[in-house]
Amino acid sequence: MINLVLFGPPGAGKGTQADVLSKDYHLIHISTGDILREEIAASTPIGLAVKDIICKGELVPDNMVIELIRERIDKNPEANGFLFDGFPRTVPQADALDKLLVQFGRRVSAMLSLEVEVEELISRLLNRGTTSGRSDDADRAVIENRIHVYNEKTQPLIQYYKEAGKYHAINGMGGIDDITHRLKNCIDQLI
Ligand code: AMP
């Protein structure tokens, strides 16, 4: 059983890599961004509450995303493991994840941090914005705000997982397959 946090700034390639890794290691892929976009598309009360926040590139309140995660873990008692993508994004979320997993007899095995230069992030996101249909990818000011929010609220998690002895830096520059290879090398050493 292995539970992984795939970590990195917006545009680091978390979603792309999580799709491959979750299949190869038979993990349940949980992307809070995808879940929130589904809620918006279905115009649920959660979707309506978070729409403007996401459009501006701000973070959705911790209690909302923590509850979504709790539901997903609860729904998958037989899971071989989970791959968290875009969660946790704040220290309170990381604390909540640790506590939740304990309740289900699990723990975070490792945090894999995709490290990518800022200019590359902006260029990847603007490029994705031409096809993703995501308004938060199409506007340079929103992208810059997402990176600013990442630096302020999410990056401290690197220290959090370093202290827990779970932080693994992965070079996130270059081709998709090369990055997958680096991630898999790291995971294979963990299992
Ligand atoms: P992502 O698809 O991971 O880039 O997430 C898109 C947007 O959803 C983010 O810019 C946030 O507004 C929101 N979001 C996703 N995950 C979280 C999270 N763990 N905590 C707070 N907001 C989140």
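Preceding block: the structure.
Residues numbered from 1 in each chain as written. Predicted model: local features only at pLDDT ≥ 70, side-chain atom pairs only at ≥ 80, totals over all residues. Heavy atoms only, no water.

## Some details on the site of the ligand
Here's step 1: The ligand sits among 15 residues. The nearest are Thr-32, Arg-37, Glu-58, Gly-86 and Gln-93.
Here's step 2: In this structure, Arg-134 approaches the ligand through a side-chain N or O atom, which is 3.2 Å from an oxygen atom.
Here's step 3: Protein chains shield 96% of the accessible area of the ligand, which is 480 Å² for the free molecule.
Here's step 4: One can see that the ligand is located within the largest pocket.
Here's step 5: Broken down by element, the residue count for the shell around the ligand peaks at four residues, all from helix H2 (residues 32-41).
Here's step 6: Residue composition of the shell around the ligand, grouped by class: six nonpolar, four polar and five charged. (Near = heavy atom within 4 Å. Polar contact = N/O pair within 3.5 Å; in protein donor to acceptor, adjacent residues only side chain to side chain. Areas by Shrake-Rupley, 256 points an atom, 1.4 Å probe, with all protein chains shown as cover. 1 Å grid on protein atoms, 1.4 Å probe; cavity = no way out; pocket = protein on both sides within 12 Å on 5 of 7 lines; lining within 4 Å. Sits in = over half its atoms within 2 Å of the grid points. Helix = DSSP H or I, 4+ residues; strand = E, 2+ residues; numbered from the N terminus. Nonpolar A, V, L, I, M, F, W, Y, C, P; charged D, E, K, R; others polar.)

## What to know about the sheet that holds strand S4 (residues 110-115)
Here's step 1: Taken together, five strands build an open sheet; the order of strands is S2-S3-S1-S4-S5 and the sheet is parallel. Each edge of the sheet is formed by a strand with only one pairing partner; in this case those strands are strand S2 (28-31) and strand S5 (167-171). When the angles between neighbouring strand axes are averaged without regard to direction, this sheet yields 20°.
Here's step 2: Bridge count between strand S1 (residues 4-7) and strand S3 (residues 82-85): three bridges; the pairing is parallel. (Pairing = 2+ DSSP bridges. Axes fitted to C-alpha atoms, helices over the stretch in contact; angles between N-to-C directions.)

## So, empty space enclosed by the protein
Here's step 1: Under the criterion given, the structure shown has one cavity of 30 Å³ or more.
Here's step 2: Secondary-structure elements contributing two or more residues to the lining of the largest cavity are S1 and helix H8 (140-154).
Here's step 3: Grouping the amino acids of the lining of the largest cavity by side-chain chemistry returns five nonpolar, three polar and two charged. (Points joined across faces, edges and corners; volume = space filled by probe spheres on them.)

## Comments concerning the layout of surface pockets
Here's step 1: For the largest pocket, the calculated volume is near 900 Å³.
Here's step 2: Taken together, 44 residues make up the lining of the largest pocket; nearest its centre are Lys-14, Arg-89, Arg-128, Arg-134 and Arg-146.
Here's step 3: If you list the elements that add at least two residues to the lining of the largest pocket, you get helix H1 (14-24), S2, H2, helix H6 (118-129), helix H7 (135-138), H8 and helix H10 (176-190).
Here's step 4: Of the residues in the lining of the largest pocket, the class split is 14 nonpolar, 17 polar and 13 charged.

## Regarding helix H9 (residues 156-163)
Here's step 1: Listed in full, the buried residues belonging to H9 are Leu-157, Ile-158, Tyr-160 and Tyr-161. Taken around the axis of H9, the buried residues stretch over an arc of 160°, which confines them to a single face.
Here's step 2: For H9, the secondary structure elements touched by its buried residues are S1, helix H5 (91-103), S4, H8 and S5.
Here's step 3: With its phi angle positive at about 70°, Gly-165 sits one or two positions after the end of H9. (Buried < 20%, exposed > 50% of the residue type's maximum accessible area, 1.4 Å probe, protein only. Arc of directions from axis to C-beta. Contact = heavy atoms within 4.5 Å.)

## With respect to the pairing of S3
Here's step 1: Neither face of S3 is left uncovered, since the one carrying Phe-82 and Phe-84 and the one carrying Leu-83 and Asp-85 both have all their residues buried.
Here's step 2: Sheet topology note: the S2/S3 ladder contains four bridges and is parallel. Within S3, the position partnered with His-29 by the bridge is Leu-83.

## Some details on H5
Here's step 1: Over its 13 residues, H5 extends 19 Å from the first C-alpha to the last, a length consistent with the 18 Å expected when each residue adds 1.5 Å.
Here's step 2: The set of residues buried in H5 consists of Gln-93, Ala-94, Ala-96, Leu-97, Leu-100 and Leu-101. Seen from one end, H5 has its buried residues packed into an arc of 160°, which puts them on one side. Facing away from the buried side of H5, by more than 90 degrees, are the exposed residues Lys-99, Val-102 and Gln-103.
Here's step 3: Elements in contact with the buried residues of H5: S1, helix H4 (62-75), S3 and H9.
Here's step 4: Gly-105 sits one or two positions beyond H5 and adopts a positive phi of about 70°. (Expected span 1.5 Å × (residues − 1).)

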